[in-house]
Amino acid sequence: MARLQRRTRNALVSLALLTALLYYLSPSSLHSSRTSTRRDPSEPESAWLQRHMNANADTSHVSTSSFNWSSVPVKYPPPGKLKKLPSGRPLALPKVQFDFQPETPEARKRREARRKQIRDLFRKNWESYRKYAWMKDALQPLSGGFKDQFSGWAATLVDALDTLWIMGMREEFDEAVGAVAGIDFGKSSSLTVNMFETNIRYLGGLLAAYDLSGRPVLLQKARELGDLLYKGFDTKHRMPVDFINFEQAQAGEGLMVEGQVVSASPGTLSMEMTRLSQLTGDPKYYDAVDRVMDVFAKGQGSTKIPGLWPIYVSMLTQDVVAGSSFGIAGCADSLYEYLPKMHALVGGLDPKYEKMSKLFMEAADKAFFYRPMLPGEDDLLMIGTASVNDYGDATLDAESEHLGCFVGGIYGLGGRLFQRSDWADDLGQKLTKGCIYAYQSMPTGMGPERWNNAPCKSRERCKWDEKAFEDEKRMRREWSTHLPKGFTTAKDPRYILRPEAIESVFVMYRVTGRQEYQEAAWDMFTAVANGTATEYANAAVLDVTKANYPLRQEDYMESFWLAETLKYFYLALSPPDLISLDEFVLNTEAHPFRRPKASRGGHQL
Ligand SMILES: *[C@@H]1O[C@H](CO)[C@@H](O)[C@H](O)[C@H]1NC(C)=O
Ligand SMILES: *[C@@H]1O[C@H](CO)[C@@H](O)[C@H](O)[C@H]1NC(C)=O
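It should be emphasised that the depicted structure is a prediction, and the values quoted were computed from it without experimental measurement.

If you walk through the whole model with that rule in mind, you get two disulfides. Here cysteine 456 engages in a disulfide with cysteine 462; their sulfurs sit 1.8 Å apart. Taking the sign of the S-S torsion, about 75 degrees here, the bridge from cysteine 456 to cysteine 462 comes out right-handed. An identical accessibility class is assigned to cysteine 456 and cysteine 462; each is buried. Across the protein, the way the bonded cysteines pair up, counted in sequence order, is 1-2, 3-4.

Around ligand 1 sit Asn68, Ser70 and Ser71, and that is every residue in its neighbourhood. At 2.3 Å, a side-chain N or O of asparagine 68 approaches an oxygen atom of ligand 1. Between ligand 1 and serine 70 there is a distance of 3.4 Å, counted from an oxygen atom to a side-chain nitrogen or oxygen. Surface burial for ligand 1 is 32%, taken as the share of its 360 Å² of free accessible area covered by protein chains.

For strand β14 (residues 487-492), the tally of buried residues reaches five of six residues, placing the bulk of the element in the interior. As paired elements, strand β13 (residues 450-453) and β14 share three bridges and run antiparallel to each other. The partner of asparagine 453 across the bridge, within β14, is phenylalanine 487.

Take asparagine 125: it is sitting in helix α3 (residues 105-132). In this structure asparagine 125 comes out as buried when scored by relative accessible area, which is 0%. Each residue touching asparagine 125, except ones within four places of it in the same chain, is listed here: Tyr536, Ala537, Asn538, Met557, Trp561 and Leu562. Of the polar contacts made by the side chain of asparagine 125, one reaches the side chain of tryptophan 561; its length is 3.0 Å.

UniProt's feature table lists "active site" (unreviewed entry) at Glu197, Asp333, Glu449 and Glu500, given in the numbering used throughout. Looking at the secondary structure, you find glutamate 449 in the loop between α15 (421-441) and β13. Given the relative accessible area of 10%, glutamate 449 is considered buried. Residues in contact with glutamate 449, not counting those within four places in the same chain, are Ser400, Glu401, His402, Asp492, Arg494, Ile496 and Arg498.

Right, let's get into the side chain of glutamate 589. With respect to the element layout, glutamate 589 can be found in the loop between β15 (584-586) and β16 (592-594). Of the buried charged residues, glutamate 589 lacks a salt bridge, with arginine 201 as the closest side chain of opposite charge at 4.1 Å. Excluding anything up to four places from it in sequence, glutamate 589 contacts Asp159, Ile200, Arg201, Ser559, Phe560, Ala563, Glu564 and Lys567.

Bridging between strand β10 (residues 385-388) and strand β11 (residues 394-397) involves four bridges; their strand directions are antiparallel. Across the sheet, threonine 385 pairs through a bridge with aspartate 397, a residue of β11. The antiparallel hairpin formed by β10 and β11 contains five residues in its connecting segment, where glycine 392 sits at a positive phi of about 90 degrees.

Parameters at a glance
- Residues numbered from 1 in each chain as written.
- Chains lettered and ligands numbered in written order.
- Predicted model: local features only at pLDDT ≥ 70, side-chain atom pairs only at ≥ 80, totals over all residues.
- Heavy atoms only, no water.
- Disulfide = S-S within 2.5 Å.
- Buried < 20%, exposed > 50% of the residue type's maximum accessible area, 1.4 Å probe, protein only.
- Near = heavy atom within 4 Å.
- Polar contact = N/O pair within 3.5 Å; in protein donor to acceptor, adjacent residues only side chain to side chain.
- Areas by Shrake-Rupley, 256 points an atom, 1.4 Å probe, with all protein chains shown as cover.
- Helix = DSSP H or I, 4+ residues; strand = E, 2+ residues; numbered from the N terminus.
- Pairing = 2+ DSSP bridges.
- Contact = heavy atoms within 4.5 Å.
- UniProt positions renumbered as here; feature names shortened; annotations may be inferred.
- Lys, Arg positive; Asp, Glu negative; His and termini not counted.
- Salt bridge = Lys/Arg side-chain N within 4 Å of Asp/Glu carboxyl O.

Given below as structure tokens:
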């Protein structure tokens, strides 16, 4: 790409000679033998990556998929005119990131040493994937085997592309991009294709890697895959299916929508399809998702908890209001997450995203967040669920899920975008601290998948009451005597390499600039790196509530470990200009999409 910066070239050549000399003379602990070009600390890391990662870019041979998805006739064409991307000059949205000051040399050295340990762990994982599971969906971290669970298009490879780029692993990135060129989206290892997972992992991964590197093959493959996913909207009312039947879709017969789905499934297609329209200039992908988001927008005020949608919705009848179970963690999460993120991605030009975001952020605060009764009386918040009875009364269930831990970061991001300091600086921090607390209280330093606390009536005062706590604990069937005080259950005590807690810690660091989040990130990383370590990579652990080392593990490593968890750890300990939240907005799989620039108008690709 033409973004090579010439002005610093000569200076860099002499500097490179000098640093090369110092490099060979210095302790090897600070350097990776595989990274050949080192960065001058005074150059912003984002600029260095752009230069270093793009040198002699794109020599890869592209092979097109064996089936052309865009040649399949559309059975149910969109009624009326295709909806176009919102037009006009993107708005200058309020700044998301804290105004960081330069760090001291000592602070930098300490942070860089930590960051290197994270990159080294990623490298170990990548090398094992490359050796034992190349082009497969997942590496099995205990046996060294592999698994294809996402149609067999190398899910881990595609999901980890942008992490390779961000970590400056040039050779590995080039090799992986070359491999992407050979992926065949005309064949699937499964009879059906999971719309949600394919969209967030594969399409999100390709688009972000393209946004960062500009390699044309990545956009070509994103388009091939986007055309496959577009078939998922070829239904009677243009509402998306949950699973695409591969053969039916190829035959162009149109698809039949499932009767009931979880809300996150149709609600988490907007960012990727919109970005694909922005990058290709073809509005059809945006048209497809905008019709779905209009259904959610229309129903938002008339549900049993106005502002929130029930967990189960029907795309068959376009009913997103009838249900009475509500939550913001598993099954619902990214429906909410994508609202403020869409506002950023379309440069504030579609007012419905601001409106929907503000409505849900107000309503979720009242319905789900509670202060737990804790022995140290810590002022923090946990995230529960709610159900509404026949009389319309809502009850809180104080059950938290690791999946819900992204919420703190959303109040951080949304709080800045909509200039609500109470959301960013108060709620966002308290919610993030709730998840940090769940990690730090466990004897292994890792947070469980699902747990309960005893809720306090008031958020202002919450005195520790041992007797009330014991009573509450006995009422719970799953209570266990060994849990730390303050926890009434750990219904699912696993840690399966999930990212949501570190995701919020990363966002809150960028939003508030508070050093305590980098410290929390490091504590979480050391605990996770220790407990999940295997000979080849990292594995899910079965019980984080008992420190019986070595911990029992599962032969299981999801692609999000490389795509999200390790990326967020790394970014939390990187200079804040690397993937700045004022330049990028991340999809729910931690894939950064470039935000439109307000100053010059139009989109910068
Ligand atoms: C796929 O089909 C579309 C529509 O018929 C056509 O425009 C496009 O060139 C085809 N792509 C390839 C790679 O053949
Ligand atoms: C993790 O920590 C425990 C307890 O300190 C220790 O016994 C164990 O060896 C560590 N495991 C790894 C892989 O570092």
